[in-house]
Amino acid sequence: MTVCQFKLSTTAVANQVELIRVRQDDDESQIFRATIFEDGKVKNLNGVSAEFNMVDAQHHIVVDDARIVDATNGIVEYQLRKEAMLSVGRCNAYFSFKSNKEVVYSTKDFNYNVIWSALSSPMHQGCDYVWTASDLIDSLKDWIEHAMGDFDDWFESVKEILASIDPGGVILNELLDARKSEPFNTKYKSLKERVDYTDSILKPLNEIENSLDLETFEPMFVGNLATFRNAVMQSFCIDIKSNQYYATQSDGKKPEGFVLSQISPNGSQLLSKMNFINGGHGTTFGLENENDTLYIWSFIRNDQGARKLIRVPYKAEGSIRDNENLKDYTPFSLTNIYFTPVIDEVNGYMLIRRGDLTCELRYLSDIKKGIDRVLYTVNIPETERDEERASQGSVSNGTTLYWYSGVTTTTARVTKYDFKTNKLIGTREFDFPNESGNGFSDNYREPEGLAYYINPHNGKESLLMGITVGGMQRRYNIVYAIHQHGAQEHFDSIRALGSQNYALTRGDGRAHSTPEGLKKLSDLRAAGEYYLNANAASILTDLPSPQFKGAGIFVKNITQQNYKSRQIVTRFSTTRKNLTMERSLDYDGVFGVWSVHDSRSIVAESVKPEDYSNKISNIKFAGEYYFNTESSILFKDHPEPGVAGWWLRVSSGNLSGGYVQELVKYSKSSVVIYQRIINLDGAGAWKKTIDV
């Protein structure tokens with residue numbers, strides 16, 4: 001009887017069950033024996049019955065009674081029947097448990113593979129008889145022992161048998177051919193030698209695929225965190241259900257509390273916050289999902305300074321402070337000890353980080369039931385919490401502990417410990433990549449917060465490290481991570497959802513160039529920022545004003561949901577003031593009137609008479625202009641040419657297209673102002689309105 005023993009969980013994200021193979025036709029001789037866990041603790045199976053459920057590769061469904069052999073220790077067995085091995089291939093299975101004929105809980109799925117037996121293999125379908133390898137070996141031994149013949153004699157005696165088993169020597173030739181590798185042009189002495197060589201190559205690849213190597217893997221940028229305060233972050237977690245970040249920061253008050261920020265999965269949007277009044281520094285906290293509610297595990301104090309370990313539902317824009325209705329989950333042994341909690345929701349543990357540098361691992365279910373039990377402890381060296389290496393975070397995954405330390409003047413360090421042995425098993429100092437390659441903003445970088453994430457879809461794992469950068473009042477928070485192979489794609493995909501996937505500028509931040517030979521701005525409709533030098537702008541036939549002549553121009557198209565745009569044109573000049581005009585533009589090229597952005601400068605907007613056919617009446621766009629004495633002579637419709645320089649003010653138009661032109665004489669000794677009206681019928685006469 002073959003017994004396959006393994007562990008199954010009713011709460012973990014996925015079961016870690018090694019590959020199970022069962023041979024077809026070996027029914028009634030294969031037993032699955034599973035120990036059932038819940039929240040990392042053995043599940044008591046008293047009061048329930050068990051069923052084995054499976055779906056095979058051909059989508060056959062089997063539901064059969066299983067046997068609970070040790071209810072107290074959570075052990076259940078199922079003896080495989082022929083129906084559970086009907087189809088060769090991968091089978092998905094799980095155990096369910098009933099009370100009063102209703103399923104009350106079940107395990108997560110596990111897999112087993114059904115393989116061919118010698119008699120069920122297609123190789124032997126249609127054969128009248130089958131010789132096994134042991135039959136042939138026994139025949140050879142018998143010949144040698146009794147006849148003392150050689151191999152050739154024996155082979156002659158059994159060649160018909162061999163021929164019946166392997167007509168034409170197909171199988172034998174394939175086995176011999178399998179000893180040679182065509183890609184590597186290598187022939188091995190035996191098939192086992194080749195398989196061993198292949199395994200030696202696959203083993204390191206498997207380690208790369210499934211390991212999380214603290215000491216060698218490159219730290220990858222994950223994202224920024226849009227925390228509520230422009231201040232140092234203390235700790236952060238990822239909710240495995242929503243992928244949202246939660247991060248703490250001191251509230252800056254006395255007595256000190258903290259603000260818990262709820263942040264979008266890509267890290268770029270603050271969704272809400274919750275205040276923990278008198279909650280301390282917010283150094284660590286934990287998340288737990290239960291019945292569609294997210295609970296926060298944290299530390300809080302009352303007005304007298306007494307501490308509590310609390311579990312409260314997250315409430316957007318809410319506040320929490322200690323009161324008599326707030327249950328205290330503090331284990332008795334920690335009554336007078338400072339500590340903060342961290343939750344390993346996947347494995348059902350709570351990490352207690354004590355003020356004396358002792359880390360305890362406990363079952364989360366024990367804490368909730370009031371059971372004061374410590375499973376394992378790790379004693380962190382004093383060197384990991386001194387002036388040069390302040391404690392900056394801790395997190396556990398299963399029975400592995402990660403400790404984060406450092407200050408602005410020292411490197412960020414992660415140390416890795418085994419809870420079961422209380423021993424250090426890894427150390428890494430991180431030099432995180434930064435935007436410029438020459439250091440972080442304001443030359444400030446401090447490690448802040450550590451988190452562990454296991455992707456519920458593929459089981460890939462990530463160790464995430466937070467840092468705060470930027471000077472006072474300019475702080476912002478960044479998350480880096482080392483990942484198992486394939487884990488980074490999850491974060492890249494989420495970050496892309498909130499990214500600007502349309503290039504408004506070139507990849508280096510500079511404006512796009514326009515298509516060569518562009519003749520009309522109305523043909524430039526795609527959203528983005530563009531630049532045309534003076535030569536490219538000179539061939540445009542729909543420049544809004546002659547004032548843009550001789551200069552480069554920036555064009556900015558801002559597009560709405562139906563591809564209608566604001567087209568904004570700005571003159572680029574280092575000697576004249578900025579001149580900006582805009583209009584509305586339809587996707588089909590239909591455009592509205594140009595509007596002028598009002599701008600003031602110590603530099604006047606000078607005009608050239610020749611650009612306006614030597615008529616002031618052709619200066620139609622609202623704004624303030626200036627022309628000198630010589631230019632006033634060239635204007636044919638000037639009321640007092642050649643006596644001084646003049647400011648020209650053009651008003652906005654009315655509903656029928658009329659507007660006011662006003663001339664102001666540039667003179668220290670007198671004030672002379674002329675005004676006139678211009679409409680669709682032409683220009684009115686100048687009227688001197690002031691002459692003093």
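### Side note on the overall build of the protein chain
So, point 1. Across its full length, the protein chain carries 8 helices and 45 strands.
So, point 2. Taking 692 residues into account, the globule formula puts the C-alpha radius of gyration at 26 Å, and the protein chain, at 40 Å, lies well above it.
So, point 3. With respect to the principal axes defined by its C-alpha atoms, the protein chain has extents near 140 × 80 × 55 Å.
So, point 4. Split into buried and exposed, the 692 residues of the protein chain put 43% on the buried side.
So, point 5. Put simply, 48% of the contacts in the protein chain that link residues at least 6 apart link residues at least 24 apart.
So, point 6. Total accessible area on the protein chain stands at roughly 37500 Å², and carbon and sulfur atoms take up 50% of it.

### Let's talk about the pattern of salt bridges
So, point 1. In the structure shown here, the tally under the stated rule is 39 salt bridges.
So, point 2. Between Lys 368 and Glu 290 there is a salt bridge, and its shortest N-O distance comes to 2.9 Å. Within this pair, whereas Lys 368 is found in helix α5 (residues 364-369), its partner Glu 290 is found in strand β19 (residues 286-290), the two being separated by 78 residues in sequence.
So, point 3. Classification of Lys 368 by relative accessible area gives partly exposed; the value is 26%.
So, point 4. Glu 290 sits in the partly exposed class, given a relative accessible area of 28%.
So, point 5. Where salt bridges share partners, they join Arg 354, Asp 356, Glu 360, Arg 362 and Asp 372 into one cluster.

### Observations concerning the pairing of strand β30 (residues 423-430)
So, point 1. With 7 bridges joining them, strand β29 (residues 412-418) and β30 adopt antiparallel strand pairing. Each bridged residue has a counterpart across the sheet, and for Val 414 the counterpart in β30 is Arg 428.

### What to know about the packing of aromatic side chains
So, point 1. Scanning all chains against the criterion turns up 30 aromatic pairs.
So, point 2. Among the aromatic residues, those joined into a ring-pair cluster are Phe 6, Phe 32, Phe 52, Tyr 78, Phe 95, Phe 110 and Tyr 112.
So, point 3. The ring of Tyr 105 carries the charged tip of Lys 43 above its face, separated from the ring centre by 4.6 Å.

### Structural notes on the sheet that holds strand β20 (residues 293-301)
So, point 1. If you walk across this open sheet you meet the 3 strands as β19-β20-β21, and the pairing is antiparallel. Looking at the sheet topology across the chains shown, the edges are occupied by β19 and β21 (307-313). Neighbour-to-neighbour, the strand axes of this sheet turn through a mean angle of 25 degrees, independent of strand direction.
So, point 2. Relative to β21, β20 is paired through 7 bridges, and the arrangement is antiparallel. Residue pairing for β21: Ile 300 is matched across the bridge by Lys 308.

### Topic: the nonpolar core
So, point 1. Judged by nonpolar contacts, the single largest core of 35 residues is most densely connected at Val 414, Phe 432 and Leu 463.
So, point 2. When contributions to this core are tallied by element, the ones reaching two or more residues are β24 (349-354), β25 (358-363), β28 (400-405), β29, β31 (445-454), β32 (461-469) and β33 (476-483).
So, point 3. Those residues in contact with Val 414 that sit more than four places away from it in its chain are Leu 214, Tyr 402, Trp 403, Tyr 404, Gly 426, Thr 427, Arg 428, Phe 430, Leu 450, Leu 463 and Met 465.

### A look at helix α6 (residues 488-497)
So, point 1. Every buried residue of α6 is listed here: Gln 488, His 490, Phe 491 and Ile 494. What you see down the axis of α6 is that its buried residues fit within an arc of 160 degrees, all on one side.
So, point 2. Residues of α6 that are buried sit in contact with β14 (220-225), β15 (235-238), β16 (245-250), β31, β32 and β33.

### Side note on the side chain of Ser 545
So, point 1. By the secondary structure assignment, Ser 545 is in the loop between α7 (534-538) and β36 (552-559).
So, point 2. You can call Ser 545 buried: its relative accessible area is 5%.
So, point 3. In contact with Ser 545, other than residues within four places in its own chain, are Met 581, Tyr 612 and Phe 621.

### Concerning the state of the cysteines
Put plainly, two cysteines are in a disulfide when a covalent bond ties their sulfur atoms together.
So, point 1. Per the counting criterion, the structure on display carries 0 disulfides.
So, point 2. Between Cys 4, a free cysteine, and Cys 91, which holds the nearest cysteine sulfur, the sulfur-to-sulfur gap is 13 Å.
So, point 3. Distance from the sulfur of Cys 237, which forms no disulfide, to the nearest cysteine sulfur (Cys 359) is 15 Å.

### Observations regarding the sheet that holds β30
So, point 1. Across the sheet, which stays open at both edges, the 4 strands sit in the order β27-β28-β29-β30 with antiparallel pairing between neighbours. In this open sheet, the two strands that pair with only one neighbour each are β27 (391-397) and β30. Across the sheet, the mean angle separating the axes of adjacent strands is 15 degrees when strand polarity is ignored.

### Things to note about the confidence of the model for the protein chain
So, point 1. Averaged over every residue, the pLDDT of the protein chain is 88; residues scoring 70 or more account for 92%.
So, point 2. The model gives residues 123-131 a pLDDT under 50, and that stretch makes 9 contacts with residues more than four places away or in other chains.

### What to know about the pairing of strand β23 (residues 339-344)
So, point 1. β23 sits mainly inside the fold: 6 of its 6 residues count as buried.
So, point 2. Here β23 shows a buried face lined by Phe 339, Pro 341 and Ile 343 and a second buried face lined by Thr 340, Val 342 and Asp 344.
So, point 3. As judged from the 6 bridges shared by β23 and β24, these two strands associate in the antiparallel manner. Pairing of Val 342 across the sheet is with Leu 351, part of β24.
So, point 4. If you look at the hairpin formed by β23 and β24, you'll find 4 residues sitting between the two strands, and Gly 348 has a positive phi there, around 80 degrees.

Basis of the calculations
Residues numbered from 1 in each chain as written. Predicted model: local features only at pLDDT ≥ 70, side-chain atom pairs only at ≥ 80, totals over all residues. Heavy atoms only, no water. Helix = DSSP H or I, 4+ residues; strand = E, 2+ residues; numbered from the N terminus. Rg over C-alpha atoms; globule rule 2.2 N^0.38 Å. Buried < 20%, exposed > 50% of the residue type's maximum accessible area, 1.4 Å probe, protein only. Contact = heavy atoms within 4.5 Å. Areas by Shrake-Rupley, 256 points an atom, 1.4 Å probe, with all protein chains shown as cover. Salt bridge = Lys/Arg side-chain N within 4 Å of Asp/Glu carboxyl O. Pairing = 2+ DSSP bridges. Phe/Tyr/Trp six-rings, centres within 6.5 Å; stacked < 30°, edge-to-face > 60°. Lys NZ or Arg CZ within 6 Å of the ring centre and 35° of its normal. Axes fitted to C-alpha atoms, helices over the stretch in contact; angles between N-to-C directions. Core = buried A, V, L, I, M, F, W, Y, C linked by side-chain atoms within 4.5 Å. Arc of directions from axis to C-beta. Disulfide = S-S within 2.5 Å. pLDDT = per-residue confidence, 0-100.

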